[in-house]
Amino acid sequence: MKVLHTSDWHIGRTLHDKKRHDEHRAFLDWLLQVISERQIDLLLVCGDIFDTITPGNRQLELYYSFLRSALDMGCRHIIIIGGNHDSPSLLDAPRQVLQPMGVHVIGSARARAEEEVIVLHDPEGKPEAVVCAVPYLRDRDVRTSVEQEDAADKSRRLAAGIAQHYEQVCAHGAAVRDSLSSWVPMIVTGHLFTTGASVLAGDGVRDLYVGTALEVSASMFPPEADYVALGHLHVPQKVAGSDTIRYSGSPIPMGFGEASTSKQILEVEFLPDTLFCEVETLSVPMFQRLERISGTLEAIEASLGQLVQQHTSIWVEVEYEGTLSASVLREHLETIIDQSAVQIIRLRNTTLNTHMLHGSSWQQTLDELDEREVFRRRLEMETLEPEEADQLKALYESILFSFNEEL
């Protein structure tokens, strides 16, 4: 049995107001080619299919068109779990239509453990895998609030609730597998942050739970699991050094911080009559090149000139070290890239604080800042005690979290 593990597509995502629909379409076309050429039996999509809880019609069309084409390519099973960016109700709405076609969707935690356990069958009707399809577990799914609990109590109760949920679902999955007449692999999914995992600055990974930096240990996953397919983190990586507990990572760079990182999906093959699987890394092509260049005006001019000579579409973030105003700098750099395939997407001044102190005319647009940077700069305009500033930051994070969660 061949399984393809992918996650964090973030369909509908933009990069500083640049739409990325063409990149997502190119990735999904490539993914269809992989499914066909490598004869994939099961596709796992481990959360964050969409970038927001309200994807537009264009994003939904891309998603459903892909599902139809993947089935036409011979993929017999598709399992999709919800992530923290996804709307559970939107994902779950068509599941009664999709399930008879071989597409199983678990948009949110189910009331009963058995509802997250899926038994897959081969064309002859024989069981070929048991999947514990655990989605992103929201706070309300696994934790009961108590009066006067502090952040530490909340974190402990939340971690305990997540562990208990996995224990119940995986115990049922193991019992189902034990009841079968022949051995089949058990696969576990998740959309969470594991202890010791890596992230990159600016990769767009959103906090899962406000008020706590909750991480779960790899020991939470049961030893009966033959493979654990995870989503949420955009950097592909093993968990606790295990070949069979993996993040596939996002298939396209989420920001300029990932400009130089390679992207991948994972093919997992379960061999007949063995207790082991083989995991192969498949490199994802680069569909839109990103580059970050920095330094003085002279260094930036030289780097831009080299990029222009490559005659390919490149989106650039410029980190400038100097005293020119933003408008003058942008106008000058635009003359270098004029009539080329290079576009400057973001322009930053890495010595901006110094310029602000000296009354520099440097200006940035809101498109060039994220919501946290805007709030940080607003706080710097006030005279606040450190405790007051920390409290305001925590409240602001709570607002952002509520805004991004499905109500």
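Summary of the structure given here. What you see is a predicted model, and the numbers here were worked out from it, not measured in a lab.

A closer look at the pairing of strand β9 (residues 186-191)
Next, step 1: Taken across its six residues, β9 has six buried, putting it largely inside the fold.
Next, step 2: Every second residue of β9 is oriented toward a common face, with M186, V188 and G190 on one face and I187, T189 and H191 on the other, all of them buried.
Next, step 3: Here strand β8 (residues 127-132) runs beside β9; their pairing, made up of three bridges, is parallel. Along β9, the bridge assignment pairs V130 with M186.

Examining the sheet that holds strand β12 (residues 242-247)
Next, step 1: Overall, mixed pairing links the six strands, which are arranged β7-β8-β9-β10-β12-β11 in an open sheet. Edge positions in the sheet fall to β7 (117-121) and β11 (237-239), since each has one partner strand and no second. Geometrically, the sheet is characterised by an average inter-axis angle of 30° between neighbouring strands, direction not taken into account.
Next, step 2: Bridging between β7 and β8 involves five bridges; their strand directions are antiparallel. Bridge pairing in β8 links I118 to V131.

Regarding the state of the cysteines
Next, step 1: If you walk through the whole model with that rule in mind, you get zero disulfides.
Next, step 2: With no disulfide of its own, C132 has C170 as its nearest cysteine by sulfur position, at a separation of 4.4 Å.
Next, step 3: A relative accessible area of 0% means that C132 is categorised as buried.

Some remarks on the packing of helix α7 (residues 297-308) against helix α8 (residues 326-337)
When two helices pack together, you describe them by how their axes are tilted relative to each other and by the distance separating the axes.
Next, step 1: Two elements in contact, α7 and α8, have axes whose closest approach is 9 Å; the angle formed by their N-to-C orientations is 30°. With respect to their mutual orientation, α7 and α8 come out roughly parallel. When the axes of α7 and α8 are compared, the crossing they make is right-handed. Together, L297, I300, E301, L304, G305 and V308 of α7 and L329, H332, L333, I336 and I337 of α8 make up the contact between the two elements.
Next, step 2: The class makeup of the residues in the contact of α7 with α8 is eight nonpolar, two polar and one charged.

Topic: unusual backbone geometry
Next, step 1: A positive phi angle, close to 55°, is found at H10, a residue other than glycine.
Next, step 2: Along the polypeptide, H10 turns up in the loop between β1 (2-6) and β2 (14-15).
Next, step 3: Residue classification places H10 among the buried residues on the basis of a relative accessible area of 0%.
Next, step 4: In this structure, D48 is a non-glycine residue whose phi angle is positive, near 55°.
Next, step 5: Residue D48 is classed as buried on the basis of its relative accessible area of 1%.

The rules behind the values
- Residues numbered from 1 in each chain as written.
- Predicted model: local features only at pLDDT ≥ 70, side-chain atom pairs only at ≥ 80, totals over all residues.
- Heavy atoms only, no water.
- Buried < 20%, exposed > 50% of the residue type's maximum accessible area, 1.4 Å probe, protein only.
- Helix = DSSP H or I, 4+ residues; strand = E, 2+ residues; numbered from the N terminus.
- Pairing = 2+ DSSP bridges.
- Axes fitted to C-alpha atoms, helices over the stretch in contact; angles between N-to-C directions.
- Disulfide = S-S within 2.5 Å.
- Parallel < 35°, antiparallel > 145°, perpendicular 65-115°, else oblique.
- Left-handed = near helix turned anticlockwise from the far one by under 90°.
- Contact = heavy atoms within 4.5 Å.
- Nonpolar A, V, L, I, M, F, W, Y, C, P; charged D, E, K, R; others polar.

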